[in-house]
Amino acid sequence: MPVHTRNRVNCSVFALFLVLTIFNPVSAQSPVFACDANANPALSGYGFCNSSLDVASRVGDLVKRLTLQEKITFLVNKAGPVSRLGIPAYEWWSEALHGVSYVGPGTKFSSVVPGATSFPQVILTAASFNETLFQAIGKVVSTEARAMHNVGLAGLTFWSPNVNIFRDPRWGRGQETPGEDPTLSSKYASGYVQGLQQADGGDPNRLKVAACCKHYTAYDVDNWKGVDRYHFNAQVTKQDLDDTFQPPFKSCVIDGNVASVMCSYNKVNGKPTCADADLLAGIVRGQWKLNGYIVSDCDSVDVLYNQQHYTKTPEEAAADTILAGLDLNCGSFLGQHTEAAVQKGLLKESDVDKAVSNNFATLFRLGFFDGDPRKLPYGGLGPKDVCTPSNQELAREAARQGIVLLKNSAGSLPLSPSSIKSLAVIGPNANVTKTMIGNYEGTPCKYTTPLQGLAASVSTLYSPGCANVKCSSAQLDDAKKIAAQADATILVMGADQSIEAESLDRVDLHLPGQQELLITTVANASKGPVILVIMSGGGMEISFANDNAKITSILWIGYPGEAGGAALADVIFGQYNPSGRLPMTWYPQEFVDKVPMTNMNMRPDPATGYPGRSYRFYTGKTIYTFGDGLSYSTFAHNLAKAPKLVSIPLAEDHTCRSEQCKSVELYESNCKNLNLDIHLRVKNNGNMGGSHTVLLFSTPPSVHNSPKKHLLGFKKVYLGSQMEDIVKFKVDVCKDLSIVDEVGSRKVALGSHVLHVGSLRHSLSVTV
């Protein structure tokens with residue numbers, strides 16, 4: 001979505017705002033809501049204002065009271081009002097990617113609520129591989145959103161999360177996603193959505209706030225070498241679509257029960273996604289049974305008419321998108337052209353009814369038509385519930401859990417605050433604030449920069465080394481000087497939104513400008529160990545650092561959120577044992593030199609030398625791969641329980657009973673209760689307690705161009721020094737051991753599946 005530039009308050013401490021409020025009081029605004037029977041007693045007689053009725057009855061009652069022109073006002077993000085029925089204007093567009101955001105007109109900060117908890121950018125949270133954490137963050141964000149709604153500062157519909165697959169390291173928006181793996185992305189999607197949406201009491205017909213999974217589908221080119229997202233036609237095989245790009249959205253809808261899906265700007269196989277009836281009405285609402293609304297990315301209906309020239313007239317564009325299953329237009333296009341589409345016979349009024357009914361049903365589930373939200377569940381939430389100490393501690397904990405240790409020479413990390421008397425802190429990201437929170441951000445409660453976090457433990461010497469991350473001219477003398485006199489050196493390098501961002505894809509993977517020169521020069525001059533810290537969304541070409549013996553440790557910290565500096569210090573000084581794992585592969589520069597970003601194929605092509613993409617298919621050299629990450633401890637895995645054989649039940653007359661089959665189609669009768677228990681005994685052999693990330697992979701039989709390996713599941717377990725525990729996985733044979741064939745059908749591959757965790761291997765034979 002286009003990012004609207006807003007006044008962005010740098011909130012360091014709440015005390016300042018409290019002082020301002022005392023001397024310049026700003027009263028809280030009233031929340032926006034319909035059916036205010038106190039102001040208009042006549043409203044209590046309307047069926048749609050009767051909260052004892054079911055949602056469908058209330059929606060039906062409301063829609064029949066509206067004129068066509070009034071209905072059309074509810075097809076756009078700035079919806080309504082209908083004053084005669086007590087319905088105010090409502091702004092659908094708010095964002096909550098990793099905290100309540102000021103991007104989108106539905107949310108704003110003021111002296112009443114000057115900031116909200118800013119969690120790490122999604123790519124780092126995903127690196128925690130912790131489903132419980134995904135949900136916990138969503139729950140905090142929705143609580144803060146409700147608190148802001150009650151004082152008129154936020155809506156109830158949040159167009160987050162972004163669950164696109166991070167297919168190419170150059171993509172500027174990869175930072176917003178959970179990474180390259182469909183399983184991790186699916187579990188992040190459903191976990192975060194559940195945290196945002198689930199109402200206290202668990203009623204599925206009620207929503208705390210409404211989430212939205214975006215951008216559907218195969219969307220991951222923004223602006224690369226003249227190819228932009230408004231004109232890009234993603235050529236995707238049926239196999240790759242169902243195997244890689246669709247699973248996170250399917251999980252969002254089926255497992256997360258998400259209230260909304262957003263269609264993307266791009267075309268998929270020649271058709272704009274927002275006008276593709278197979279993708280919208282057919283799959284999202286038909287196969288997956290979306291309980292909610294489908295919204296366009298902002299102005300994408302306008303884009304498909306004016307830029308993609310998909311239809312000859314604007315009325316046809318309005319009709320095609322609504323008939324395809326679109327319910328809500330971020331933008332004004334449907335508000336301007338839908339009535340004419342009906343008048344020309346391209347649409348029926350009943351088609352408009354269907355769309356606005358889906359929108360209204362979502363607002364009813366949110367309680368928008370139940371009167372004053374301050375008298376309803378969550379009505380007691382307010383400014384006191386935003387930026388609480390526990391919320392801010394969760395932001396710090398999320399960053400700690402996600403930070404990935406990529407290199408650690410013996411005895412380098414953790415540093416001891418008692419033996420390290422001075423620390424050189426160098427680099428353009430060493431003392432940044434806003435860079436730490438990435439994009440789709442809000443005003444944070446406060447910032448702890450890397451320099452501040454480290455300085456809280458030891459005496460520091462600081463030099464930025466470059467004016468900014470573009471580092472057009474490195475200032476080497478000061479940096480060398482302090483590195484030569486300090487007991488240890490921390491280099492905080494990487495990227496920011498000037499390097500990778502929405503509408504800004506990278507063309508290479510090298511650290512920007514003279515960063516490499518600065519790192520190498522400082523490493524050569526340093527007296528003690530050198531720790532390189534990379535702050536970025538995507539992977540970087542840092543082979544030089546990995547191979548340099550003078551650089552003793554490397555950490556990747558994503559964009560770590562408001563408490564990123566404190567979390568980094570916790571890891572570096574050993575208060576926290578790192579357990580993050582990379583959610584994406586780090587490729588060498590040679591990969592992007594020969595692979596166009598626009599090639600959507602996941603699988604390699606030996607005939608052309610195309611190496612494929614992601615750890616599941618890529619055949620070339622890597623710097624680091626998906627799942628890489630070190631700890632200060634060593635962990636051993638042993639198999640405690642696992643079957644060696646599983647048999648798929650088939651009907652007596654099934655062809656695979658008499659013929660040699662490579663795979664078997666999935667049927668409900670075959671798959672019912674076909675689960676396996678995999679138990680692992682995990683022991684911490686180190687001297688330091690800590691969390692350990694257990695990743696369970698499978699290498700399936702080589703049929704249907706199956707992946708080299710794929711992630712079945714993951715668990716986070718805490719183990720004290722020399723302690724052990726049993727980690728249990730329940731493997732759904734039809735879901736977890738299935739693969740997608742060449743025409744997009746999901747099947748169970750017959751033959752030997754190799755399950756593995758670390759160096760542990762176990763063969764499992766699947767037969768009929």
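So, how was this worked out
Residues numbered from 1 in each chain as written. Predicted model: local features only at pLDDT ≥ 70, side-chain atom pairs only at ≥ 80, totals over all residues. Heavy atoms only, no water. UniProt positions renumbered as here; feature names shortened; annotations may be inferred. Helix = DSSP H or I, 4+ residues; strand = E, 2+ residues; numbered from the N terminus. Rg over C-alpha atoms; globule rule 2.2 N^0.38 Å. Buried < 20%, exposed > 50% of the residue type's maximum accessible area, 1.4 Å probe, protein only. Contact = heavy atoms within 4.5 Å. Phe/Tyr/Trp six-rings, centres within 6.5 Å; stacked < 30°, edge-to-face > 60°. Lys NZ or Arg CZ within 6 Å of the ring centre and 35° of its normal. pLDDT = per-residue confidence, 0-100. Salt bridge = Lys/Arg side-chain N within 4 Å of Asp/Glu carboxyl O.

Looking at an unreviewed UniProt entry, the protein chain carries the name Fibronectin type III-like domain-containing protein, with the source organism given as Stephania yunnanensis. Quoted straight from UniProt, the Subcellular location (unreviewed entry) entry for the protein chain says "Secreted".

Draft legend 1. Broad picture of the overall build of the protein chain. Tallying secondary structure elements over the protein chain gives 23 helices and 27 strands in all. Since a compact globule built from 768 residues should have a radius of gyration of about 27 Å, the 27 Å found for the protein chain is in line with a globular shape. When its C-alpha atoms are laid out on the principal axes, the protein chain stretches across 85 × 75 × 50 Å. The burial tally for the protein chain puts 62% of its 768 residues in the buried class.

Draft legend 2. Molecular detail of the environment of Ala488. Examined against the element boundaries, Ala488 turns out to sit in strand β14 (residues 488-494). The buried category is assigned to Ala488, whose relative accessible area is 0%. Setting aside residues up to four positions removed in sequence, Ala488 forms contacts with Leu415, Ile420, Ser422, Leu423, Ala424 and Pro529.

Draft legend 3. Region of the structure containing the UniProt feature "domain: Fibronectin type III-like" (unreviewed entry) in the protein chain. The sites that UniProt annotates as "domain: Fibronectin type III-like" (unreviewed entry) are residues 692-761. As annotated, residues 692-761 has a helix share of 6% and a strand share of 61%, and its two end C-alpha atoms lie 19 Å apart.

Draft legend 4. Looking closely at the packing of aromatic side chains. Enumeration over the complete set of coordinates arrives at 28 aromatic pairs. Here the aromatic rings of Tyr90 and Phe368 are separated by 5.2 Å at their centres, their planes lie at 65 degrees, and the arrangement is edge-to-face. Taken together, the residues Tyr90 in strand β2 (residues 90-91) and Phe368 in the loop between α13 (349-365) and α14 (389-402) connect sequence positions 278 residues apart. For Tyr90, a relative accessible area of 6% gives the class buried. With a centroid separation of 5.7 Å and 75 degrees between ring planes, the pair formed by Phe129 and Phe626 is classed as edge-to-face. Remark: Phe626 occurs in the loop between α21 (614-617) and β17 (635-641) and Phe129 occurs in the loop between α4 (122-126) and α5 (131-149); sequence separation between them is 497 residues. Members of the aromatic cluster, each reached through a chain of ring pairs, are Tyr46, Phe48, Phe74, Tyr90, Trp92, Tyr293, Phe360, Phe364, Phe368 and Phe369. Across from the ring centre of Tyr440, 4.8 Å away, lies the NZ or CZ of Lys214, which sits over that ring.

Draft legend 5. Representation of helix α2 (residues 55-65) within the structure. Residues of α2 that are buried: Arg58, Val59, Asp61, Leu62 and Val63. Residues of α2 that are buried make contact with α3 (68-72) and α13.

Draft legend 6. Representation of the confidence of the model for the protein chain within the structure. Per-residue confidence for the protein chain gives a mean pLDDT of 95; residues scoring 70 or more make up 96%. Of all the helices and strands in the protein chain, helix α1 (residues 14-23) carries the lowest mean pLDDT, 37, while α4 carries the highest, 99. Note on residues 2-26: pLDDT is under 50 here. Beyond four places in sequence and across chains, it has 39 contacts.

Draft legend 7. Spotlight on the pattern of salt bridges. Per the counting criterion, the structure on display carries 34 salt bridges. Of the charged contacts, one joins Glu70 and Arg84 as a salt bridge, the two residues approaching to 2.7 Å between their closest N and O atoms. Taken together, the residues Glu70 in helix α3 and Arg84 in the loop between β1 (78-79) and β2 connect sequence positions 14 residues apart. Glu70 gets classed as buried once you look at its relative accessible area, which sits at 16%. Close ionic contact of Lys214 with Glu95 constitutes a salt bridge, the shortest N to O distance being 3.0 Å. You can see Lys214 sitting in strand β3 (residues 213-216) and its partner Glu95 sitting in the loop between β2 and α4, a full 119 residues away along the chain. Comparing Lys214 with Glu95 shows no difference in burial state: the two are buried.

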